[in-house]
Amino acid sequence: MAVLVIADHDNAHLRDTTHKTVTAARALSGDIDVLVLGQNCAAAAKEAAGIEGVRKVLTAESAGLDKMIAEAVEAVVLPLMDGYDAVLTPATSAGKNFAPRIAARLDTAPLTDVVEVVDASTFVRPIYAGNALETVQSNEAKKVITVRPTTFKAAGTGGSATVESIAGADAPKTTFVSEEMVKSDRPELGAAKIVVSGGRAMGSAEEFKAVIEPLADRLGAAVGASRAAVDAGYAPNDYQVGQTGKVVAPQLYIAIGISGAIQHLAGMKDSKVIVAINKDADAPIFQVADYGWVADYKTAVPELMKALG
Amino acid sequence: MKVLVPVKRVIDYNVKARVKPDQSGVDLANVKMSMNPFDEIAVEEAVRLVEGKEHHAAGTATEIVVVSIGPAQAQETIRTALAMGADRGVLIQSDSDLEPLAVAKVLQKVVEEEQPNLVLMGKQAIDGDNNAVGQMLAALLGWPQATFASKLVVAGDSAEVTREIDGGLQTLKVSLPAVVTTDLRLNTPRYASLPNIMKAKKKEIAMKAVADYGVDTAPRLKVLKVTEPPKRQAGVKVDNAADLVAKLRNEAGVL
């Protein structure tokens, strides 16, 4: 039984979500091929060939694949599935978009946002915003799986798989118009070792910027926000940590002025160490925090900056 | 333009789901149920397409059909959508919670019957959190899809959809008919007014059964158990920055 992993990358580099998905794939099979879809993605394909335990790397290029348009991905992956029993991809916005489409065409029930592979047919996935974990068994002949990368260790490097290019495809009914990516020198939220997040207590976008960003930069951290802060317009949507935003699991998560709504906790409770700073001693965030500091962020954050030196 | 909006009756957004002691599922007895919040956004956007709110021209949509698959009580969910401004409803009764693939197959039949130009639906239901039905429906129909929409502009026989993706926004142009799934920032759904709630009572809801559609909806996955996630323990309190930094450096080793 061979399995296919669809890589997550930006053409020049592979994201480590791919390495993590390879780890999940190993629980299914020892024969793992990686598919790199994009445009001028030879560098990413080369990195994929270096992942430990990968048998072969396939690459396909087109304008539509560069933008991971679901119909284009479907067109490339479907014919390949004759040779694979499962396809896995990280549960990124792209993976969530195309994976169910492939599943429907294969007439198979997708397994989405998998956090644990118990065995080749048994999987654990969060439901109800992470308030429950469902263990499901799938005896489908072909499995389509999206993997929550934060719960798997990254596969090592040092492999030397061959790279083979295959025909690309486009999406005739969908055209790419534009993209507006947030530019930042900070680490990516999903991959950062430290995340500093702000909540509604900030009160304004200016205050959010003035309080959260310097601390994040001092720590080399990514910036996150609660949904309440995003909804209030204090922070852009892609900062959002939670059930409806990004799920993160950094080494250190610092929540500032965040009360800790269920939907926020669902996005960060797997962090190794959680620090909460909030002036409300009863805030639910303190129930999950390893280090809680009941204080007004207005005095606490400057004090923290000073203590960090 | 005709818009089909599938809606699901789920546990209310503000209610914390509790796992049953026998690990057979989540306890939904005597729990407040509501329309899936993402579906509410889809209904609102459809109504705005009719009314010409925001950037939409009035009459962009001319008819809104709401469909739900679920128990008899899902009629209330459809009524909510009718009170918001949808024209008529279809309830496809099912006593069991169908898997996404089965839902997509039933919806495919509804689409073939209703012939909408646009299917607008929530990106995911907040119970199963699968985020799959819209994409699967589009695949079965051979239609383009634009998921996680934060802006929708319909112009002639295509739609420009701005999508929430990791790290920013992406705008795609899809030819109609298409499936568009909604994200949270597309709009803020209205509360239905009392006169509209009264009016909705007179609107038609067609009653159907899953069996009427002749598709195989048997479950493909077996749920072995539903458990509570491991709880984090609250740690210690600190009362100054120096203490916090020392603990993070020496005790936790994360700085």
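This structure is a prediction, so every number in the text was calculated from the model and none was measured.

Trainee: How would you sum up the overall build of chain A? Please name residues and give values.
Mentor: Across its full length, chain A holds nine helices and 16 strands. A compact globule built from 309 residues would reach a C-alpha radius of gyration of about 19 Å, and chain A, at 21 Å, matches this within 12%. If one aligns the C-alpha atoms of chain A with their principal axes, the spans along those axes are about 60 × 40 × 40 Å. Counting the 309 residues in chain A, one finds 59% classified as buried. Nonlocal contacts in chain A, meaning residues at least 24 apart in sequence, comprise 65% of its contacts between residues at least 6 apart. Within the structure as shown, chain A displays about 11,400 Å² of accessible surface, and the carbon and sulfur contribution to it stands at 49%. Charge-centre separation for chain A: the mean point of 29 positive side chains lies 2 Å from the mean point of 37 negative side chains.

Trainee: Would you mind going over the sheet that holds strand β12 (residues 194–198) of chain A in detail, with residue names and values included?
Mentor: Here six strands make up an open sheet; going across it, the order is β13(A)-β12(A)-β14(A)-β15(A)-β16(A)-β13(B) and the pairing parallel. Bordering the open sheet on either side are β13 (222–225) of chain A together with β13 (236–238) of chain B, each of which pairs with just one other strand. Along the sheet, successive strands turn relative to each other by an average axial angle of 20°, direction set aside. Relative to β13(A), β12(A) runs parallel, the two sharing four bridges.

Trainee: I'd like a description of the UniProt feature "domain: Electron transfer flavoprotein alpha/beta-subunit N-terminal" (unreviewed entry) in chain B, backed by residues and values.
Mentor: Per the UniProt record, "domain: Electron transfer flavoprotein alpha/beta-subunit N-terminal" (unreviewed entry) is annotated on residues 23–217 of chain B. Helix and strand shares over residues 23–217 of chain B are 29% and 30% respectively, and the end C-alpha atoms of the span are 24 Å apart.

Trainee: Can you explain the environment of B:Ala132? Please cite residues and give values.
Mentor: Examined against the element boundaries, B:Ala132 turns out to sit in the loop between β6 (118–122) and α4 (133–141). Under the relative-accessibility criterion, B:Ala132 is labelled buried at 2%. Separated by 32 residues in sequence, B:Ala132 and B:Pro100 have C-alpha atoms that sit 6.4 Å apart. Excluding residues within four positions of it along the chain, B:Ala132 makes contact with A:Pro100, A:Pro110, B:Pro100 and B:Lys123.

Trainee: Report on the UniProt feature "domain: Electron transfer flavoprotein alpha/beta-subunit N-terminal" (unreviewed entry) in chain A, specifying residues and quantitative values.
Mentor: Mapped onto the present numbering, the UniProt feature "domain: Electron transfer flavoprotein alpha/beta-subunit N-terminal" (unreviewed entry) falls on residues 3–185 of chain A. For residues 3–185 of chain A, helix accounts for 26% and strand for 34%, while the C-alpha atoms at its two ends are 35 Å apart.

Trainee: Report on the interface of chain A and chain B, specifying residues and quantitative values.
Mentor: Across the contact, 79 residues belong to chain A and 77 residues belong to chain B. Buried surface at the junction of chain A and chain B, both sides included, amounts to about 6,500 Å², of which 55% is carbon and sulfur. The residue A:Asp107 makes a salt bridge to B:Lys105 at a minimum N-O spacing of 2.7 Å. Across the chain A-chain B interface, the total number found is 43 residue pairs in polar contact (both at pLDDT 80 or more).

Trainee: I'd like to hear about the domain arrangement of chain A, residue by residue, with values.
Mentor: All names here are of chain A. Parsing chain A into structural domains produces domain 1 (2–165) and domain 2 (194–308). Taken together, the contact pairs six residues of domain 1 with eight residues of domain 2. Around 530 Å² of area is buried between domain 1 and domain 2 when both sides are counted, 57% of it from carbon and sulfur atoms. Considering only the side of domain 1, the residues that lose the most area to domain 2 are Ala129, Arg148 and Thr150, jointly responsible for 72% of the buried surface there. At the junction of domain 1 with domain 2, the criterion picks out zero salt bridges. When its residues are assigned to classes, the side of domain 1 that touches domain 2 shows one nonpolar, four polar and one charged.

Trainee: Describe the packing of helix α5 (residues 93–105) of chain A against α4(B), and please don't skip the residues or the numbers.
Mentor: The interhelical angle for the contact between α5(A) and α4(B), taken along N-to-C directions, is 45°, at an axis separation of 7 Å. On the basis of the axis angle, α5(A) is oblique to α4(B). At the point where α5(A) passes α4(B), the crossing takes the right-handed sense. Seen from α5(A), the contacting residues are A:Lys96, A:Asn97, A:Pro100, A:Arg101, A:Ala103, A:Ala104 and A:Arg105; seen from α4(B), they are B:Gln135, B:Met136, B:Ala138, B:Ala139 and B:Leu140. Here the contact of α5(A) with α4(B) is composed, by residue class, of seven nonpolar, two polar and three charged.

Trainee: Break down the nonpolar core for me, with residues and values.
Mentor: Counting 57 residues, the largest nonpolar core has A:Ile6, A:Leu37, B:Ile92 and B:Leu137 as its most contacted members. Here this core takes eight residues from helix α3 (residues 100–114) of chain B, the largest share from any one element. Apart from residues lying up to four places away in sequence, A:Ile6 is in contact with A:Leu35, A:Leu37, A:Met68, A:Val77, A:Val87, A:Leu88, A:Thr89, A:Pro90, A:Phe98 and A:Ile102. In terms of nonpolar packing, the next biggest core, distinct from the first, is built from 42 residues, B:Met1, B:Val7, B:Val10 and B:Val174 among them.

Trainee: Mind laying out the packing of aromatic side chains, listing which residues take part and the relevant values?
Mentor: Scanning the model with the defined rule gives one aromatic pair over all chains in all. With centroids separated by 6.3 Å and ring planes inclined at 35°, the aromatic side chains of A:Phe208 and A:Tyr239 adopt a geometry described as tilted. With A:Phe208 in helix α6 (residues 205–219) and A:Tyr239 in the loop between α7 (227–231) and β14 (252–256), this pair connects stretches of sequence that are 31 residues apart. Assigned by exposure class, A:Phe208 and A:Tyr239 land together as buried. Note that A:Lys67 overlies the ring of A:Phe176, its terminal NZ or CZ placed 4.5 Å from the centroid. Sitting over the face of the ring of B:Phe148, B:Lys123 holds its NZ or CZ atom 5.8 Å from the ring centroid.

Trainee: A description of the pairing of strand β8 (residues 132–138) of chain A should follow, citing residues and the corresponding values.
Mentor: Most of β8(A) is tucked away: six of the seven residues are buried. One ladder, built from six bridges, connects strand β7 (residues 122–127) of chain A with β8(A); its direction is antiparallel. Across the sheet, residue A:Phe123 finds its bridge partner in β8(A), namely A:Val136. Once β7(A) ends, the chain turns through four residues before running back antiparallel as β8(A), passing A:Tyr128 with a positive phi of about 50°. One ladder, built from six bridges, connects β8(A) with strand β12 (residues 221–227) of chain B; its direction is antiparallel. Each bridged residue has a counterpart across the sheet, and for A:Thr135 the counterpart in β12(B) is B:Lys225.

Trainee: Describe the sheet that holds strand β4 (residues 86–90) of chain A, and please don't skip the residues or the numbers.
Mentor: In any sheet, the strands associate via hydrogen bonds between backbone groups, in a parallel or an antiparallel arrangement. All names here are of chain A. Strands sit in the order β5-β9-β4-β1-β2-β3-β10 across an open sheet of seven strands; the sheet is parallel. Where the open sheet ends on each side, the last strands, each with one partner, are β5 (111–114) and β10 (162–165). In this sheet, neighbouring strand axes are inclined to one another by 25° on average, regardless of whether the strands run parallel or antiparallel. Looking at chain direction, strand β1 (residues 2–6) and β4 are connected through three bridges and run parallel. Following the sheet pairing, Val3 is matched in β4 by Ala86. Taken strand by strand, helix α1 (residues 16–26) contacts β1, β2 (31–38), β3 (54–61), β4 and β9 (143–147), and its axis lies near 145° from that of β4. Against the sheet, helix α2 (residues 42–49) touches β2, β3 and β10, its axis set at about 170° to β3.

Criteria and thresholds
- Residues numbered from 1 in each chain as written.
- Chains lettered and ligands numbered in written order.
- Predicted model: local features only at pLDDT ≥ 70, side-chain atom pairs only at ≥ 80, totals over all residues.
- Heavy atoms only, no water.
- Helix = DSSP H or I, 4+ residues; strand = E, 2+ residues; numbered from the N terminus.
- Rg over C-alpha atoms; globule rule 2.2 N^0.38 Å.
- Buried < 20%, exposed > 50% of the residue type's maximum accessible area, 1.4 Å probe, protein only.
- Contact = heavy atoms within 4.5 Å.
- Areas by Shrake-Rupley, 256 points an atom, 1.4 Å probe, with all protein chains shown as cover.
- Lys, Arg positive; Asp, Glu negative; His and termini not counted.
- Charge placed at Lys NZ, Arg CZ, Asp CG, Glu CD.
- Pairing = 2+ DSSP bridges.
- Axes fitted to C-alpha atoms, helices over the stretch in contact; angles between N-to-C directions.
- UniProt positions renumbered as here; feature names shortened; annotations may be inferred.
- Buried area = accessible area lost by both parts, 1.4 Å probe.
- Salt bridge = Lys/Arg side-chain N within 4 Å of Asp/Glu carboxyl O.
- Polar contact = N/O pair within 3.5 Å; in protein donor to acceptor, adjacent residues only side chain to side chain.
- Domains from an automatic or database assignment.
- Nonpolar A, V, L, I, M, F, W, Y, C, P; charged D, E, K, R; others polar.
- Parallel < 35°, antiparallel > 145°, perpendicular 65-115°, else oblique.
- Left-handed = near helix turned anticlockwise from the far one by under 90°.
- Core = buried A, V, L, I, M, F, W, Y, C linked by side-chain atoms within 4.5 Å.
- Phe/Tyr/Trp six-rings, centres within 6.5 Å; stacked < 30°, edge-to-face > 60°.
- Lys NZ or Arg CZ within 6 Å of the ring centre and 35° of its normal.

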